[in-house]
Amino acid sequence: MHKDDSTYASPFVVVSTPHMHEMAARCCAHITGKHGVTFPHHRVEYKVFASGEVLPLIPETVRRQHVFLFHALQHPTPNDALMRMLVLNDALARASVHGITLVTPFMSYLRQDRKHKKRMPISGRMIADLIESNRQAERVITADMHADQAQGFFTIPVDNLTCFGLLADHCREKLGGDVSNVVVVSPDFGGAVRARSLAKRLRVPVAIFEKRRDEDGVAEVDMLIGESIVEKRVIICDDIIDTGGTMRATVKELLARGAKEIEVWTTHAILSGNAAQLFADGGYRITCTDSIPRSQSYCEKNASWLTVVSMDVLLAEAVYEASLVGGSVSKLF
Ligand code: R5P
């Protein structure tokens with residue numbers, strides 16, 4: 001530590017990249033409103049050259065400060081987002097930051113977490129290596145990683161927050177506390193722990209499908225283990241909706257087996273390709289968080305089938321606790 005460190009007003013600063021400016025600003029406002037602490041917030045913009053190369057522009061000095069870097073690892077695409085993070089990390093290190101906590105609600109590539117066929121990469125591990133390749137990277141704050149054990153890809157601490165507490169609160173409020181006749185369903189074994197945790201929060205039973213993908217990657221669900229879903233109000237929960245194939249297959253199977261009502265809950269609604277249109281036409285609701293940033297107008301336009309629950313407070317509290325000597329992020333799990 002430099003002997004003059006104590007002369008800086010705030011040892012912490014929030015830095016955000018374009019898709020996360022609004023969420024970072026709301027988190028800063030929450031921290032100030034609830035805890036009376038103000039972290040300066042700097043908004044990074046990128047210059048994109050004709051060749052496609054990107055150059056981050058950090059507007060203020062960050063020298064000797066600890067940076068909470070709000071960055072979406074999905075936008076504009078996972079690959080572009082990764083490069084944007086790498087060049088910004090390099091710029092922050094060369095600007096003499098004291099340390100970096102990456103705050104990224106959704107971490108892309110984590111579904112590629114094992115070699116399940118010949119000649120496959122383990123891209124999730126590679127992403128962890130790239131994040132840590134910045135010598136100033138100290139910590140990651142993220143949410144509902146595809147599998148909890150992906151924390152082990154990192155050697156630095158990872159706070160893997162769960163949004164299913166937020167979603168459970170939202171559900172209780174919506175149902176006026178009446179969760180009778182509700183069953184939580186996981187579309188696959190991989191999501192069983194998540195479904196159980198949600199069911200426990202709601203104090204309702206759980207059922208789990210076995211999911212397979214055929215050669216073309218089309219999802220099929222088959223054997224259902226656990227509570228009966230006949231004439232029940234079913235909440236399907238999953239970490240990610242990407243193309244929507246898993247959810248559509250699960251809904252179809254549940255309806256065929258006699259479920260009465262169906263809702264779909266997820267943390268990360270990527271909604272690739274025509275998934276949004278298929279859900280809009282599907283006749284059931286999706287509730288997700290804002291881990292994948294979307295504009296206000298998008299949410300309003302799709303409000304008939306999409307409910308977005310904000311994870312601002314969860315993230316803001318995690319950032320605040322991570323800034324404290326003796327703070328506790330685990331109490332938010
Ligand atoms: C897979 O195991 C995940 O938990 C999700 O079920 C999957 O990624 C969803 O993808 P899609 O919406 O494309 O079926």
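One can find the structure itself at the top, above this paragraph.
Nothing here was measured: the structure is a model prediction, and the numbers come from that model.

Here the focus is the overall build of the chain. Scanning the chain for helices and strands turns up 9 helices and 15 strands. Against the compact-globule benchmark of 20 Å for 333 residues, the chain has a radius of gyration of 21 Å, which places it among compact chains. The C-alpha extent of the chain, read off along each of the three principal axes, is 70 × 45 × 35 Å. Per-residue burial over the chain gives 50% buried out of 333 residues.

At a minimum axis separation of 10 Å, helix α4 (residues 164-174) and helix α5 (residues 192-202) run at an interaxial angle of 40 degrees. Taken together, the axes of α4 and α5 lie oblique to each other. Remark: the crossing between α4 and α5 carries right-handed chirality. Mapping the contact onto sequence places Phe 164, Gly 165, Ala 168, Cys 171 and Arg 172 in α4 and Arg 194, Leu 198, Arg 201 and Leu 202 in α5. By residue class, the composition of the contact of α4 with α5 is 5 nonpolar, 1 polar and 3 charged.

To summarise the sheet geometry, strands pair through backbone hydrogen bonds and adopt either a parallel or an antiparallel arrangement. Spatially, the 7 strands line up as an open sheet ordered β11-β10-β9-β12-β13-β14-β15, and their pairing is mixed. Only two strands of the sheet have a single partner each, and these edge strands are β11 (219-226) and β15 (306-309). Each strand axis lies, on average, 25 degrees off the axis of its neighbour in the sheet, ignoring direction.

Looking at the largest pocket, its volume works out to about 1,200 Å³. Lining the largest pocket we find 44 residues, and of these Arg 111, Gln 112, His 146, Lys 211 and Arg 213 sit closest to its centre. Where the lining of the largest pocket is concerned, the elements lending two or more residues are β7 (137-143), β10 (206-213), β12 (233-241) and α6 (245-256). For the lining of the largest pocket, the leading source of residues is β12, giving 4 residues.

Core analysis: the biggest nonpolar cluster contains 29 residues, and Val 67, Leu 69, Leu 92, Met 107, Ile 131, Val 140 and Phe 154 have the highest contact counts within it. Of all elements in the fold, only β1 (12-16), β5 (66-70), α2 (78-94), β6 (99-103), α3 (123-132) and β7 reach the threshold of two or more residues within this core. With 4 residues, the single largest contributor to this core is α2. For Leu 69, the contacting residues outside a window of four places in its chain are Val 15, Thr 17, Leu 88, Asn 89, Leu 92, Ile 100, Thr 101, Leu 102 and Val 103.

Bringing a nonpolar patch on the surface into the picture now. A surface patch of nonpolar side chains, about 240 Å² in accessible area, is lined by Phe 49, Leu 55 and Leu 57. One can find Leu 57 in strand β4 (residues 54-57).

With that out of the way, let us pick up the site of the ligand. Of all residues adjacent to the ligand, which total 14 residues, the nearest are Arg 111, Asp 238, Asp 239, Thr 243 and Thr 246. The side chain of Asp 188 places a nitrogen or oxygen atom 3.4 Å from an oxygen atom of the ligand. Arg 213 is positioned with one of its side-chain polar atoms (N or O) 3.2 Å from an oxygen atom of the ligand. Contact with the protein chains removes 89% of the 380 Å² of surface that the ligand exposes when unbound. Applying the majority rule of atoms within 2 Å of the grid points places the ligand in the largest pocket.

Moving on, we come to the sheet that holds strand β2 (residues 41-43). Pairing within the open sheet is parallel, and its 6 strands lie in the order β2-β1-β5-β6-β7-β8. Here the strands that pair on one side only, and so sit at the sheet edges, are β2 and β8 (158-161). Taken over all neighbouring pairs, the strand axes of this sheet differ in orientation by 20 degrees on average, direction set aside. Looking at chain direction, β1 and β5 are connected through 5 bridges and run parallel. Bridging across to β5, Val 15 finds its partner in Leu 69. Each of β5 and β6 is contacted by α2, which is oriented at about 165 degrees to β5, the strand it contacts most.

Applying the stated criterion across every chain yields a total of 5 aromatic pairs. Each ring, one from Phe 12 and one from Phe 39, has its centre 5.7 Å from the other, and the planes form 50 degrees; the classification is tilted. Placement of the pair is Phe 12 in strand β1 and Phe 39 in the loop between α1 (21-35) and β2, with a sequence separation of 27 residues. Of the two residues examined, Phe 12 and Phe 39, each falls in the buried class.

Its 12 residues give helix α9 (residues 312-323) an end-to-end C-alpha distance of 16 Å, which sits within 8% of 16 Å, the value for a rise of 1.5 Å per residue. Taking burial as the measure, the 12 residues of α9 include 10 buried ones, the bulk of the element. Residues Asp 312, Leu 314, Leu 315, Ala 316, Glu 317, Ala 318, Val 319, Tyr 320, Glu 321 and Ser 323 constitute the buried set of α9.

Procedures and definitions
- Residues numbered from 1 in each chain as written.
- Predicted model: local features only at pLDDT ≥ 70, side-chain atom pairs only at ≥ 80, totals over all residues.
- Heavy atoms only, no water.
- Helix = DSSP H or I, 4+ residues; strand = E, 2+ residues; numbered from the N terminus.
- Rg over C-alpha atoms; globule rule 2.2 N^0.38 Å.
- Buried < 20%, exposed > 50% of the residue type's maximum accessible area, 1.4 Å probe, protein only.
- Axes fitted to C-alpha atoms, helices over the stretch in contact; angles between N-to-C directions.
- Parallel < 35°, antiparallel > 145°, perpendicular 65-115°, else oblique.
- Left-handed = near helix turned anticlockwise from the far one by under 90°.
- Contact = heavy atoms within 4.5 Å.
- Nonpolar A, V, L, I, M, F, W, Y, C, P; charged D, E, K, R; others polar.
- Pairing = 2+ DSSP bridges.
- 1 Å grid on protein atoms, 1.4 Å probe; cavity = no way out; pocket = protein on both sides within 12 Å on 5 of 7 lines; lining within 4 Å.
- Points joined across faces, edges and corners; volume = space filled by probe spheres on them.
- Core = buried A, V, L, I, M, F, W, Y, C linked by side-chain atoms within 4.5 Å.
- Patch = residues over 30% accessible without salt bridge, like charges linked within 9 Å, V, L, I, M, F, W, Y side chains within 5 Å.
- Areas by Shrake-Rupley, 256 points an atom, 1.4 Å probe, with all protein chains shown as cover.
- Salt bridge = Lys/Arg side-chain N within 4 Å of Asp/Glu carboxyl O.
- Near = heavy atom within 4 Å.
- Polar contact = N/O pair within 3.5 Å; in protein donor to acceptor, adjacent residues only side chain to side chain.
- Sits in = over half its atoms within 2 Å of the grid points.
- Phe/Tyr/Trp six-rings, centres within 6.5 Å; stacked < 30°, edge-to-face > 60°.
- Expected span 1.5 Å × (residues − 1).

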